[in-house]
Amino acid sequence: MNAPDAAEPVIAADNLSVRFPVHTGLRERLRTGRRQLHAVDGVSLAVRASETVALIGESGSGKSTFGKALLHLETAHAGAIRFHGDDVTAATGDRLRELRRRRQLVFQNPYAAINRRRLIRDVIAEPLRYHQLGRADDRRARVHDLAGLVGLSPEHLDRYPHELSGGQLQRVVIARALALEPEFLVADEPTASLDVSVGAQIVNLFADMRDRFGLALLYISHDLPTVAHLADRIAVMYLGRIVESAPAAELVENPRHPYTQVLLASVPRRDPGHRRTAPARGEVPDAADRPSGCHFRTRCPLAMPVCAEQVPAAQVHGEHMVACHAAT
Amino acid sequence: MIQAPTKTTDLLAVTGLGVAYGDPAAPVRAVVDVDLTVGRGESVGIVGESGSGKSTLLRALLGLHGSGAAVSGGIAVDGVQLAHDPAAMRRVRGGTVSMVFQDPVNAFNPAYTLGSQLGRLVALHRPELGREQRRAHVAAMLDRVGIPAHRTRSHPFEFSQGQLQRCMIAAAFLAGRPALVLADEPTTSLDVTVEAQIVELIRDLRAELGMSMVLVTHNLGLVADLCDRVHVMYAGRFVEHTTIRGLFDSPAHPYTRALLKSAPDLDRVRESRGSRLPTMRGGVPDLAAPPPGCPFAPRCDEHLGEVCDRDLPELLPVPLMPAARTAHGTAPAGQASDTLPRPGDVRARCHRHAASALSGGTAVEGVKA
């Protein structure tokens, strides 16, 4: 492991882009050429040790694709991924295998992330076996420790996934991700399939693990209140680009991008006097056919002619970044 | 069994409803002894987590519970008893009482155009309309929910989830002339900006047409948006009944309090950051073998001891908290006074309140013998 330096990000994306080919009919292709879907379009983001960066946005914003690209689970089309300052974008073979050990992922749906035919103890031990760490009885002891760490009792280890609840299974997935002592963890909507009270336990578990192991955590979610509670910084993504990022409390209290303002206004409040109105028109456009200029302009209450012509540049004020023609 | 008197004006009157699945000797009791009334033009929320029985309850109201379920108790719509009369249930289903389902993608038939599916509904509920009038009605329905009329020729896969949810709302609210709409998590599968649009649409349609609604959700904020009062459900039973203001300002049941605390509040971000979220220990009880006493007792932070583990508490009126009284006295201007709790509005199934109600000499109404 490199010398720990608080200021040095564990992982950083530098203008990272991910594109997918759009499959169309022959006639369409002859008329318009091959089209590409820009899932992630020039995103720069860094996560330091013991830090939580949250990525929020609606379905189709590209936040999950970005998280996967950081882990080499999607191929970056342009830009760079730096791990402790080293450019690892093109890593392959043993180097990639080592990187996989140091960066892990917790999926949204624990039922889909676990082999239903294996005992919980084997599920948690799988990464240890794959990376050939320790002997069989070392691994056995390690699995017990991991289970205790995430709040599972030893009797859970000899059960099958269908005998556990959704919250317990998510703990299993987290234990498996922590088995290799990663330095960077991506959590992709880890509480979306859970009840509120169980989700709160999982959010607390992430905070505990981050503080205990100094994890760099990228927390992907659409749940603004949870993210505002947990994260140090929040980045707001819309159709492949980060439109605003700021320290969490600052973003919630002083949102500067109209999209962030719309997201905040759309969150239900615990106030019977508060009447929620719909602040944005329509839905997120097709990512394969994004509006020109600022992608949000078709739904934006502040849209001006310039928004259709120019991509808004990032304006940085201290730790607050916003990309909007209307923001000053 | 003494029942709370049912006012003749109640549109929906559910008494002692139970839904049980599986082996009759050891049934899974998904819904137990539920009383629910909905007045004309009223909107009532039912809040609970997975497995609380809230969706089962809603489906049983329309006889959609499936053949494996045993339903007991009474369901009366407009004074007509439907519970054990399939023919009467069929007359009401979709007509007087319609339903908005959680998953709009699976609620429509993928093989037919939206126009033909909605047209068939209109033909069923408005047989007086001719072919052309029916077509015009479908176009007007779609237009009302913000879908261009030419989309009647599109199939479900050509719509986004939000658009399909709008189509289902059109089907439920506008195809017939429903007096009551049952909505089961109508926004759960949608993004938050689209959810806000759907909330606005439902609110406008109800203001325009005046139908009653029962909304089932796990989302406390959605209840605040759309309901006048709310039941909190846990392990198949109603554990609290309160107004919307009562829910947020003075929740009476320990479960309601714990549920509210476990979700972070966007308005209190600075206070909660750096700390851990309060959580409930354990999970929901096994409905096939529920604990003998209060079903929430094993997870309760306000446990009173033996009585909670031994006896099931009754759903009793809760004396209003001083805070709630103050709130009632100082309603902000423009605030509908019916959202504020009055004495008797708030009922909770908790031994704490049973003890204080008896010692305080509060009149106890509607108690089951």
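See the structure shown above.
Presented here is an overview of the structure given in this document. (Residues numbered from 1 in each chain as written. Chains lettered and ligands numbered in written order. Predicted model: local features only at pLDDT ≥ 70, side-chain atom pairs only at ≥ 80, totals over all residues. Heavy atoms only, no water.)

## Re the side chain of H253(B)
Residues and elements named next belong to chain B. Here H253 lies in the loop between helix 9 (244-249) and helix 10 (254-262). Of note is the side chain of H253, whose polar atom sits 2.9 Å from the backbone nitrogen of Y255. In contact with H253, other than residues within four places in its own chain, are V239, E240, F296, R349 and C350. (Helix = DSSP H or I, 4+ residues; strand = E, 2+ residues; numbered from the N terminus. Polar contact = N/O pair within 3.5 Å; in protein donor to acceptor, adjacent residues only side chain to side chain. Contact = heavy atoms within 4.5 Å.)

## Side note on the sheet that holds strand 10 (residues 237-243) of chain B
Residues and elements named next belong to chain B. Pairing is mixed in the open sheet, where eight strands are placed in the order 6-7-8-3-9-10-12-11. The open sheet terminates on both sides in strands that have one partner only, identified here as strand 6 (97-100) and strand 11 (315-317). Strand after strand, the sheet turns through a mean of 20 degrees between neighbouring axes, direction not considered. Note: strand 11 against strand 12 (residues 347-349), three bridges, orientation antiparallel. Bridging across to strand 12, L315 finds its partner in R349. In this fold helix 6 (residues 161-174) packs onto strand 6 and strand 7 (180-184), with an angle of close to 175 degrees to the strand it touches most, strand 6. Packing against the sheet, helix 10 makes contact with strand 3 (43-47), strand 9 (229-234) and strand 10, and its axis sits at approximately 95 degrees to strand 9. (Pairing = 2+ DSSP bridges. Axes fitted to C-alpha atoms, helices over the stretch in contact; angles between N-to-C directions.)

## So, the interface of chain B and chain A
Note on interface size: it is often stated as the accessible area lost on association of the parts. Contact residues are listed per partner, giving 47 residues for chain B and 48 residues for chain A. Of the roughly 4000 Å² buried between chain B and chain A, counting both surfaces, carbon and sulfur atoms make up 50%. For chain B, the biggest contributors to the area lost against chain A are L266(B), R273(B) and R276(B); these three give 18% of the whole. Joining chain B to chain A, the criterion identifies four salt bridges. The closest approach of N and O atoms between D208(A) and R276(B), which form a salt bridge, is 2.6 Å. The tally of links between chain B and chain A comes to 20 residue pairs in polar contact (both at pLDDT 80 or more). In terms of residue count, helix 7 (residues 192-209) of chain B provides more of the side of chain B that touches chain A than any other element does, nine residues in total. Its residues placed into classes, the side of chain B that touches chain A shows 18 nonpolar, 16 polar and 13 charged. (Buried area = accessible area lost by both parts, 1.4 Å probe. Salt bridge = Lys/Arg side-chain N within 4 Å of Asp/Glu carboxyl O. Nonpolar A, V, L, I, M, F, W, Y, C, P; charged D, E, K, R; others polar.)

## Examining empty space enclosed by the protein
All names here are of chain A. Counted according to the given criterion, the structure contains three cavities of 30 Å³ or more. When its volume is computed, the largest cavity comes out at roughly 80 Å³. As for the second largest cavity, its lining consists of H257, P258, C294, R297, C300, L302, A303, C307, C324, H325 and A326. Class assignment for the residues of the lining of the second largest cavity results in eight nonpolar, two polar and one charged. (1 Å grid on protein atoms, 1.4 Å probe; cavity = no way out; pocket = protein on both sides within 12 Å on 5 of 7 lines; lining within 4 Å. Points joined across faces, edges and corners; volume = space filled by probe spheres on them.)

## Overview of the packing of aromatic side chains
Under the defined criterion, the tally for this structure stands at seven aromatic pairs over all chains. Aromatic pair F206(A) and Y219(A): ring centres 5.9 Å apart, planes at 85 degrees, arrangement edge-to-face. Of this pair, F206(A) sits in helix 8 (residues 196-213) while Y219(A) sits in strand 8 (residues 216-221), and the two are 13 residues apart along the sequence. The two residues F206(A) and Y219(A) agree in class, both being buried. Centre to centre, the rings of Y255(B) and F296(B) are 5.2 Å apart; their planes meet at 70 degrees, and the pair counts as edge-to-face. In this pair, Y255(B) sits in helix 10 while F296(B) sits in the loop between helix 11 (269-272) and helix 12 (306-310), placing the two residues 41 residues apart along the sequence. Comparing Y255(B) with F296(B) shows no difference in burial state: the two are buried. Ring-pair connections join several aromatic residues into one group, and the members of that group are Y238(A), Y259(A) and F296(A). Lying over the aromatic face of Y112(B), R120(B) brings its terminal NZ or CZ to 4.8 Å of the ring centre. Positioned above the aromatic ring of F159(B) is the side chain of R151(B), whose terminal nitrogen or guanidinium carbon lies 4.2 Å from the ring centre. (Phe/Tyr/Trp six-rings, centres within 6.5 Å; stacked < 30°, edge-to-face > 60°. Buried < 20%, exposed > 50% of the residue type's maximum accessible area, 1.4 Å probe, protein only. Lys NZ or Arg CZ within 6 Å of the ring centre and 35° of its normal.)

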